[in-house]
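# What the coordinates show
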Amino acid sequence: MKEKDKKKEQLQKSEKKYRDLIEILPIGIAISTPGPRGRITDVNPALWKMFGYDSKEEFLKVPASAHYYDLEERKRFSELRKKGLVKDYETKFKRKDGTIIWGSVTSMPRIIQAEKIEFVNVFEDITEHKRMIEDLKKLYSMQIVLRDINQVMLKAETEREIYQKVSSLLKELEFVKFVWIGLIEKGDFEVKPIVHPGLEKDYLSSIRITWDNSKYGKGPTGSAIKTGRPCVVGDIKNDPRYKPWSNEALKRGYLSSIAIPLKLDREIFGVINIYSNKKEAFGHEEIEFLKEVSGDVALGINNIRLKEKLIQNLKDIRRLFGQEIETIALLSESRDPYTAGHQRRVTQLA
């Protein structure tokens, strides 16, 4: 066999081993041509399964650009590949069913002929890793807000100050778009909103909310007041309970909401309403956090009311004490007019 044929045979064997290895690897591998319009020429089972396809042939029929969530990201990735190795490039991709996944891509150029190259792209699904990081960030931000709310409870002088500052702090959370607090009065089924400052306040003027059995009392706010438990609407657009307010809510980008009751001595006096621009934004962690917030708010309101009651009691005591002194003076005057007059003059001077 000629030397040239031997080299060709060795190359073919090496190529077969390389292809066989790619097929069995548990990580996604794609072979692609260079350039921003490069196409994918081969993929292993791990990759087409990662993207939700039923076969390699089905995957390869779809243009490479269709797998990217953001086409600008594809252009940036292509520009980086011109410089050689690209390692751990993180971006979003689209699966066959349209769901979004996060991928980390390492791309290496590989010479296949004289001046012809292809890219070997190694994909890793990091969606869960990204989700864990986002969850940790969210938990941390909630803890910071809870700490700041506790400081508000210690320093606030009025109920309104508590409502306004708590609303503002909750609004700082990434998943919160709008907050308002509604109060109820005995004998009145209307929920009176305390308007959060900002552009969203017109939402409250465009809707009516009660906690009776009418259509305006069957939503999350009314349910939270009547049951004493948080009421979550994960999808405002499709939840029948939200029908009376869905148009106004969707117009402003509210996609999910939660209502948390405010309680004092088991009696509900109000409700915290929170809206998000994300569907299903209020899971277990968010609900537990907001329950803790509502408990802190109720405790702060109770302290202010006790303080106001104490001040009023002191005023009443002073008033009664003054009346008793006046009575004693009048009794003295009936016996000794000079002494009584002297007491009044000393009081005026004091």
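Just above, that's the structure.
Reference entry: report on the structure contained in this document. Sequence order as written defines the numbering, with residues in each chain counted from 1. Per-residue local features are limited, in this predicted model, to residues with pLDDT of at least 70; the limit for side-chain atom pairs, both in listing and counting, is 80 or more; totals at the level of whole chains, interfaces and linings are taken over all residues. To get the side-chain values, all heavy atoms of the structure are used, and hydrogens and water are removed first.

## Quick notes on the nonpolar core
Ranked by internal contacts, the top residues of the largest apolar core, which has 34 residues, are Leu 170, Ile 272, Ile 274, Phe 289, Val 293 and Val 297. Per the convention used, a helix needs a DSSP run of H or I reaching at least four residues, while a strand needs a run of E reaching at least two, with both numbered from the N terminus. Elements represented by at least two residues in this core include exactly helix 5 (127–155), helix 6 (159–171), strand 6 (178–183), strand 9 (256–264), strand 10 (267–276) and helix 10 (284–335). The leading source of residues in this core is helix 10, at seven residues. Within this scheme, the nonpolar core is defined by two criteria: the residues are buried Ala, Val, Leu, Ile, Met, Phe, Trp, Tyr or Cys, and they are joined through side-chain atoms within 4.5 Å. Only protein chains enter the area calculation, which uses a 1.4 Å probe; residues under 20% of their type maximum are buried, those over 50% are exposed, and those in between are partly exposed.

## Concerning the sheet that holds strand 7 (residues 192–194)
Pairing is antiparallel across the open sheet formed by five strands, whose spatial order is 7-6-10-9-8. In the strand order of this sheet, the two ends are held by strand 7 and strand 8 (231–233), each with one partner. Across the sheet, the axes of successive neighbouring strands diverge by a mean angle of 25°, strand direction being ignored. A pair of strands is considered paired only if DSSP assigns at least 2 bridges between the two. Note that strand 6 and strand 7 share three bridges and pair antiparallel. Following the sheet pairing, Gly 182 is matched in strand 7 by Pro 193. Residue contacts are defined here by distance: any two heavy atoms, one from each residue, within 4.5 Å place the two residues in contact. Under this scheme, a helix contributes an axis fitted over its contacting stretch, all axes are lines through C-alpha atoms, and angles between N-to-C directions fall in the 0 to 180 degree range. Against the sheet, helix 6 touches strand 6, strand 7 and strand 10, its axis set at about 155° to strand 6. Helix 8 (residues 220–227) contacts strand 6, strand 8, strand 9 and strand 10 of the sheet and is inclined by roughly 150° relative to strand 10.

## A closer look at the sheet that holds strand 1 (residues 28–32)
Pairing within the open sheet is antiparallel, and its five strands lie in the order 2-1-5-4-3. Two strands lie at the open edges of the sheet, namely strand 2 (40–43) and strand 3 (86–94), each paired on one side alone. Taking the axes of each pair of neighbouring strands and ignoring which way they run, one obtains an average angle of 30° across the sheet. Sitting on the sheet, helix 4 (residues 71–81) touches strand 1, strand 3, strand 4 (100–111) and strand 5 (117–125), and the angle it makes with strand 3 is about 160°.

## Comments concerning empty space enclosed by the protein
Method remark: on a 1 Å grid restricted to protein atoms, a set of points is classed as a cavity if a 1.4 Å probe fits but cannot get out and as a pocket if it is open with protein on both sides within 12 Å along at least five of seven lines; lining residues have an atom within 4 Å of a point. Grid points are joined across faces, edges and corners, and a volume is the space filled by probe spheres set on the points. Inspection of the entire model under this criterion finds two cavities of 30 Å³ or more. Put simply, the largest cavity is a space of about 240 Å³. Among the elements of the structure, strand 1, helix 4 and strand 5 are those that each provide at least two residues to the lining of the largest cavity. Considering every element that reaches the lining of the largest cavity, the biggest residue donor is helix 4, with four residues. Lys, Arg, Asp and Glu make up the charged group, whereas Ala, Val, Leu, Ile, Met, Phe, Trp, Tyr, Cys and Pro make up the nonpolar group; the residues left over, Gly among them, are polar. Counted by class, the lining of the largest cavity contains twelve nonpolar, seven polar and three charged residues. The computed volume of the second largest cavity comes to approximately 60 Å³.

## Considering the layout of surface pockets
The gaps of empty space that remain are located by a probe, the size of a water molecule, rolled over the atoms. Taken as a whole, the largest pocket spans an internal volume of roughly 640 Å³. At the level of secondary structure, the elements contributing two or more residues to the lining of the largest pocket comprise strand 4 and helix 5. The class makeup of the residues in the lining of the largest pocket is six nonpolar, two polar and eleven charged. Estimated volume of the second largest pocket: approximately 290 Å³. Looking at the second largest pocket, it is lined by 13 residues, and the ones nearest its centre are Ile 184, Lys 186, Glu 267, Ile 268 and Phe 269. By residue number, the principal contributor to the lining of the second largest pocket is strand 10, which donates three residues. Here the lining of the second largest pocket is built from residues that sort into seven nonpolar, one polar and five charged.

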